[in-house]
Amino acid sequence: MMKRILSSSYLGLLLVMLYAPILVIIVFSFTEAKVLGNWTGFSLKLYTSLFQGGKVHSLSSALWNTLIIGLSAAFVSTILGTIAAIGIFNLQPGPQKAFRMINAIPILNPDIITAISLFLLFVSLGISQGHATVILAHITFCTPYVVLSVLPRLHRMNVNLYEAALDLGATPFLALRRILLPELKPGMINGFILAFTLSIDDFVVTLFTIGNEGLETISTYIYADARKGGLTPELRPLSAIIFITVLILLIIINQRAAKKPNLKRI
Amino acid sequence: MKNVQRQFISFIGRRRNWSIPYMLFLSFFVLVPLVLIVLYAFTDHNGKFSFTNFSKFWMQPEAINILIYSVGVAMITTLLCLLLGYPAAYLLSKMDTRRARLLVILFILPMWINFLIRTLATVALFDFLSLPLGEGALIFGMVYNFLPFMMYPIYNILQKTDPNLIEAAQDLGANPRQVFFRTILPLSVPGISSGIMMVFMPVISTFAIAELLTINNIKLFGTTLQENIYNGMWNYGAALSLVMLLLVGLTSLLNSDGNTKAAEEGGLI
Amino acid sequence: MRAITKQKYLRAVGMSMLLMAVLTLFSSCKQSDSSRKKILKIYNWADYIDEDLLTEFPHWYKEQTGEDVEIVYQVFDMAEVMYTKIALGKEDFDLVCPTQYIIERMLKYDMLLPIDRDFGKTGNYLGNISPFLLERMDAFSVPDKKALDYMIPYMWGISGILYNTKLITAEEVQSWACFWDPKNKGKILMKDHYWDAYNMAAIWGFYPDIASGKRSRYDVSNDHTDGDIAVVEEQLKKLKPNLAGWEADFGKEMMTKGEIWMNYAWSGDAVWAIEEAAAVNVSLDYVVPREGSNIWFDGWVIPKNARNVKAASYFLNYLCQSDITLRNMDVSGYTSALGTPEIRDAQMDTALTETVNLSYFFGPGNDSLLINPIQYPDSSVVERCVLLHDFLDKNDRVLEMWSRARGDNLDRRMIFIIAGIVLLIAAWPVYGQIKKYQSKRRRLGKKS
């Protein structure tokens, strides 16, 4: 009993630490003050003015782009990364180590270096930058994380299950679908979420691969605005809305999963 | 034609060949740009081959100072993330999957708020609590940002640990402490090393956190790198990044040693 | 049999996806020349222009020339990023708005195209720019290129001290000494911008020479000799411990929260900050110390790889009309380079009490205007400000100096401790390897 209280309170404490700044944002989204930290009285003005604004340099188009780029990059990364992880797992130790090292490079490289190197690559190939180049760049730095998410699962998995399935007459593809993928699914989902998170938060790599057609994501929008007039106050209600929406989605998903009997791991 | 088809199917059948698409991708999008960086690092302003960028780095005590300091900050951050994150991941792994998954996502969720806004909110928070900005704030900001990265892989691997091994250890007479330190901990090492890798180097190369939480008083290596590139010193910046890659290579070598060993030894107690 | 069909199916799916991906990639490749001629690509700071103009200009252009044009607008947050992209990436922007020293660099390294002043039946409004700025721009000309042919100033301002009137006296901030005064320790924010820092430190360091007439402010700020750089370094090193920190964007916000007494700020930002602070009952004001400071301007240029010089030039002409300029000033909060009577009249504020001498800007006869002195500084203020040049060849040395003045915040002990720990950690796996090797040898030895 004591243990449960201790463990819950420990997790609770960590969550409080993580969410304290978020709470600050949400609280201050209800005031008109331009500066985060000043309180000029309760007001919903920021919420109402959220999606108005210039057609060209606009928050809503930035948001839309961010979502599209994030989802595409995360999706492709997950698939590419999972296939790669399975491949890497089956390599000889020597090539495997080399592969792991190269895989680690996008994670460990400062993102400005990734950004500039990809920029130079695209420039020297004469590829005109835009949606495609940003998504490719995001895939580049997201996939290693997916690989890292899936690989430990492969290590812990019982390899004999796959062999047994093959012995029992399953084709490799069937064995893949029925045995391997369900084992890897948690890793894949984790990888997808991680990739998506990294993609929507990225700034420098996006900055150097968006080209010159006016493409913007939330990050570039925010940084551009911060320079001239301080942080756009409308971003506070935007963050609050995103946050609450995802939270609600999660709770809903969780409730629905409660209805299905969940098989505990064997 | 059918022969080619059959060859193709057996080619795909061998799972190690599945690494090929990614290998091509990496070569093109990681290795080739890396070569470009190397080219820049070994040329001077006039485009001739030279070592001036590296000699410049070695001769400037500030650059090396900053690097060592950044390594120090990274070590403290990684340690704190490990100390705070491991117990959390452990507790999560013992819950039932549904609740655990919800909590895991709760830990990731703050990262969906944009990095700059989060950091500014941290500054506002410190203001509100009348805490001074500076080194303490820097460490807090770093741990705040990178804790989920440490927890994720550890949770992943703990969740997959075979409970039979733990039961076996208990049956063999180990007390809870021994069970943890002799069984669970060694099994989770691949997760720990993943976590360390995802925290240590990125801390050195992040610049915005240091900028905002120490009012630019403390400079990390990432800031130096970024400044040089932005101010047109691309060659020097490229050289600095190669220095970082060297560090990367070293840490990677040390890490992957531990990785394959633990993976091979697998379920040994 | 069925299995092979499934393989075939999956392969077909895979192939078609690959094909689609390749097509999407190549579809984003360069547009055809003729369609590109109808596009005007503009690269500007955020919130620096009235965006409605971007949709109105095509109509004006059609009226004036009978041709269609569509504006593609891109924003940037740092001049240096913009320069990196243009220099490294050879982007095909038609118009860019850098700060004057970057313009100088671009002009010197042959990265610009001249503005096409052939406007047909349209009037030439480029002459609306105040001669004050036109004269100073001339200093940027290089041997075979006159600066005036390549740039049009857009917004300008000066650098000075934004201060909290209740926490520090107006008296004190009349001199840069307040930044170095230990009494103000921890209450000052400096801009993390080495041009401004160099200028301030140089003027402060050399003030005795300036006051006695031995050297001019212009020389002190723009000579960039090794001796000057050394003096600047010395002053910056003395300044650093006195500061609360260095800010790039968020200084004005910390000022409105009342915890910082003084902040090095650009005049355009100061206007915004004072307004914003007044809304939360914090009283701020702005001053340029008596030793002097710098003037800056952002200007429009046409980069080398531009593909639509005609529309770009017309756009500049469009911008130089008084009514359009007033809209831009409104949106951005900065002061325009235009010196027309319309602008002067629109900006005058009869609620003010002190007059400002603006003959240098709007022409003779404008020496007592009721106008915001931060937006339009008095001639006495402008006299002690200089226009900064780019460091050009000295950029390396100045950056080294800058990192020296900013970087060393560590004592030797810390460094050794950290280095020691790193070595220990690195030694551990090596030690493990040695033991493994030894035990292997032992095992092999036992076998035989």
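Being a predicted model, the structure only gives us computed values, none of them experimental.

Caption draft 1: Quick look at the overall build of chain B. Within chain B one finds 13 helices and 0 strands. Principal-axis analysis of the C-alpha atoms gives chain B an extent of 70 × 65 × 30 Å. Here the analysis covers contacts within chain B between residues at least 6 apart in sequence; of these, 73% occur between residues at least 24 apart. Of the roughly 11100 Å² of accessible surface on chain B, a fraction of 67% belongs to carbon and sulfur atoms.

Caption draft 2: Geometry of the interface of chain B and chain A. Taken together, the contact between chain B and chain A spans 89 residues of the former and 91 residues of the latter. Of the roughly 9100 Å² buried at the junction of chain B and chain A (both faces included), carbon and sulfur atoms supply 75%. Among the salt bridges present, the one from Asp-201 of chain A reaches Arg-118 of chain B, with a minimum N-O distance of 3.5 Å. The interface formed by chain B and chain A contains 7 residue pairs in polar contact (both at pLDDT 80 or more). Of all the secondary-structure elements, those providing two or more residues to the side of chain B that touches chain A are helix 2 (19–41), helix 4 (61–94), helix 5 (97–108), helix 6 (115–128), helix 7 (135–159), helix 10 (189–205), helix 12 (221–230) and helix 13 (234–265) of chain B. Considering each element in turn, the side of chain B that touches chain A owes the most residues, 16 residues, to helix 2 of chain B. Each residue belonging to the side of chain B that touches chain A can be placed in one class, and the counts come to 66 nonpolar, 16 polar and 7 charged.

Caption draft 3: Broad picture of the interface of chain C and chain B. Between chain C and chain B, the residue contacts involve 46 residues of the former and 35 residues of the latter. Where chain C touches chain B, the interface holds 1 salt bridge. Between Lys-56 of chain B and Glu-400 of chain C there is a salt bridge, with its nearest N and O atoms 4.0 Å apart. Across the chain C-chain B interface, the total number found is 6 residue pairs in polar contact (both at pLDDT 80 or more). The greatest single-element share of the side of chain C that touches chain B, amounting to 10 residues, is contributed by helix 21 (residues 412–447) of chain C. When its residues are assigned to classes, the side of chain C that touches chain B shows 23 nonpolar, 8 polar and 15 charged.

Caption draft 4: Quick look at the pattern of salt bridges. Residue and element names in this part refer to chain C. Inspection of every chain in the model, using the stated rule, returns 27 salt bridges over all chains. The closest approach of N and O atoms between Lys-41 and Asp-92, which form a salt bridge, is 3.2 Å. In this pair, Lys-41 sits in strand 1 (residues 39–45) while Asp-92 sits in the loop between helix 4 (79–89) and strand 3 (95–96), placing the two residues 51 residues apart along the sequence. Exposure class is identical for Lys-41 and Asp-92. Each is buried. Across the pair Arg-404 and Glu-233 runs a salt bridge, and its minimum N-O distance is 2.9 Å. In this pair, Arg-404 is assigned in helix 20 (residues 395–407) and Glu-233 in helix 12 (residues 226–239), connecting sequence segments 171 residues apart. Classification of Arg-404 as partly exposed rests on a relative accessible area of 24%. For Glu-233, a relative accessible area of 12% corresponds to the buried category.

Caption draft 5: Here's a closer look at the domain arrangement of chain B. All names here are of chain B. Under the domain assignment used here, chain B contains domain 1 (2–41) and domain 2 (53–264). Spacing between the C-alpha centres of domain 1 and domain 2 amounts to 30 Å. Listed as interface residues are 5 residues of domain 1 and, on the opposing side, 9 residues of domain 2. Both sides of the domain 1 and domain 2 interface together cover about 520 Å² of buried area, and 73% of this is carbon and sulfur.

Caption draft 6: Expanded view of helix 4 (residues 93–108) of chain A. For helix 4 of chain A, built from 16 residues, the straight-helix expectation of 22 Å at 1.5 Å per residue is met to within 8% by its first-to-last C-alpha distance of 22 Å. Where helix 4 of chain A is concerned, the buried positions are Gln-96, Phe-99, Arg-100, Asn-103, Ala-104, Ile-105, Pro-106, Ile-107 and Leu-108 of chain A.

Caption draft 7: Focus on the packing of helix 6 (residues 131–156) of chain A against helix 2 of chain B. Relative to each other, helix 6 of chain A and helix 2 of chain B sit at 130 degrees, their axes nearing to 11 Å. Taken together, the axis directions place helix 6 of chain A and helix 2 of chain B in an arrangement best described as oblique. As for the relative orientation of helix 6 of chain A and helix 2 of chain B, their crossing is left-handed in sense. Contact with helix 6 of chain A, carried on its side by Leu-136, Ile-139, Thr-140, Thr-143, Pro-144 and Val-147 of chain A, involves Tyr-22, Phe-25, Phe-29 and Val-30 of chain B of helix 2 of chain B and no other residues of that element. Residues of the contact of helix 6 of chain A with helix 2 of chain B, tallied by class, amount to 8 nonpolar, 2 polar and no charged.

Caption draft 8: Quick look at the packing of aromatic side chains. Overall, the coordinates contain 60 aromatic pairs over all chains when judged by the stated rule. Seen in terms of ring centroids, Phe-25 of chain B and Phe-29 of chain B are 4.7 Å apart; in terms of plane orientation they differ by 35 degrees. Their pairing is tilted. Taken as a pair, Phe-25 of chain B and Phe-29 of chain B lie in helix 2 at a separation of 4 residues, close to a single helical turn. Of the two residues examined, Phe-25 of chain B and Phe-29 of chain B, each falls in the buried class. Residues Trp-195 of chain C and Phe-391 of chain C carry aromatic rings whose centres are separated by 6.0 Å and whose planes lie at 25 degrees to one another, so their mutual orientation is stacked. With Trp-195 of chain C in helix 9 (residues 194–205) and Phe-391 of chain C in the loop between strand 12 (385–387) and helix 20, the pair connects residues that are 196 residues apart, well separated along the chain. One cation-aromatic arrangement involves Lys-56 of chain B over Tyr-236 of chain B; the distance from NZ or CZ to the ring centre is 4.3 Å.

Caption draft 9: Just helix 1 (residues 2–28) of chain A, in detail. Residue and element names in this part refer to chain A. Across its 27 residues, helix 1 extends 37 Å between first and last C-alpha, which sits within 8% of the 39 Å expected from 1.5 Å per residue. Its maximal kink placed at Tyr-19, helix 1 deviates by approximately 40 degrees, while the proline Pro-21 follows within four residues. Inspection of helix 1 places Ser-7, Leu-11, Leu-14, Leu-15, Leu-18, Tyr-19, Pro-21, Ile-22, Val-24, Ile-25, Ile-26 and Phe-28 among the buried residues, and these make up the whole buried set.

Caption draft 10: Geometry of a positive patch on the surface. All names here are of chain C. A contiguous patch of positive charge, built from Lys-435, Lys-436, Lys-440, Arg-442 and Arg-443, is present on the exposed surface. In this fold, Lys-436 is placed in helix 21. Residue Lys-436 is classed as partly exposed on the basis of its relative accessible area of 45%.

Caption draft 11: Structural context of the confidence of the model for chain C. Mean pLDDT for chain C: 85, with 91% of residues reaching 70 or above. Averaged pLDDT values for the elements of chain C fall to 54 in helix 1 (residues 2–27) of chain C and rise to 94 in strand 3 of chain C.

Caption draft 12: Structural view of the environment of Leu-103 of chain B. Looking at where Leu-103 of chain B falls in the secondary structure, it is placed in helix 5. Of the residues examined, Leu-103 of chain B reaches a relative accessible area of 14% and is grouped as buried. Taking the C-alpha atoms as reference points, Leu-103 of chain B and Gln-170 of chain B, 67 residues apart in sequence, are found 28 Å from one another. If we ignore the near neighbours within four places in the chain, the residues touching Leu-103 of chain B are Leu-11 and Leu-15 of chain A together with Leu-92 and Met-95 of chain B.

Caption draft 13: Here's a closer look at the confidence of the model for chain B. Considering every residue of chain B, the mean pLDDT works out to 81; 91% of them sit at 70 or more. In this model, residues 258–269 of chain B is a region of pLDDT below 50 whose contacts with residues beyond four sequence positions or in other chains number 13 contacts.

Caption draft 14: Local environment of unusual backbone geometry. All names here are of chain C. Backbone geometry at His-224 places phi at a positive 55 degrees, although glycine is not the residue there. Structurally, the position occupied by His-224 is in the loop between helix 11 (217–222) and helix 12. Even without being glycine, Asn-281 reaches a positive phi, approximately 60 degrees. Topologically, Asn-281 is positioned in the loop between helix 14 (267–279) and strand 9 (284–287).

Conventions we followed
Residues numbered from 1 in each chain as written. Chains lettered and ligands numbered in written order. Predicted model: local features only at pLDDT ≥ 70, side-chain atom pairs only at ≥ 80, totals over all residues. Heavy atoms only, no water. Helix = DSSP H or I, 4+ residues; strand = E, 2+ residues; numbered from the N terminus. Contact = heavy atoms within 4.5 Å. Areas by Shrake-Rupley, 256 points an atom, 1.4 Å probe, with all protein chains shown as cover. Buried area = accessible area lost by both parts, 1.4 Å probe. Salt bridge = Lys/Arg side-chain N within 4 Å of Asp/Glu carboxyl O. Polar contact = N/O pair within 3.5 Å; in protein donor to acceptor, adjacent residues only side chain to side chain. Nonpolar A, V, L, I, M, F, W, Y, C, P; charged D, E, K, R; others polar. Buried < 20%, exposed > 50% of the residue type's maximum accessible area, 1.4 Å probe, protein only. Domains from an automatic or database assignment. Expected span 1.5 Å × (residues − 1). Axes fitted to C-alpha atoms, helices over the stretch in contact; angles between N-to-C directions. Parallel < 35°, antiparallel > 145°, perpendicular 65-115°, else oblique. Left-handed = near helix turned anticlockwise from the far one by under 90°. Phe/Tyr/Trp six-rings, centres within 6.5 Å; stacked < 30°, edge-to-face > 60°. Lys NZ or Arg CZ within 6 Å of the ring centre and 35° of its normal. Bend = angle between axes of the 7 residues up to and from the residue. Patch = residues over 30% accessible without salt bridge, like charges linked within 9 Å, V, L, I, M, F, W, Y side chains within 5 Å. Lys, Arg positive; Asp, Glu negative; His and termini not counted. Charge placed at Lys NZ, Arg CZ, Asp CG, Glu CD. pLDDT = per-residue confidence, 0-100.

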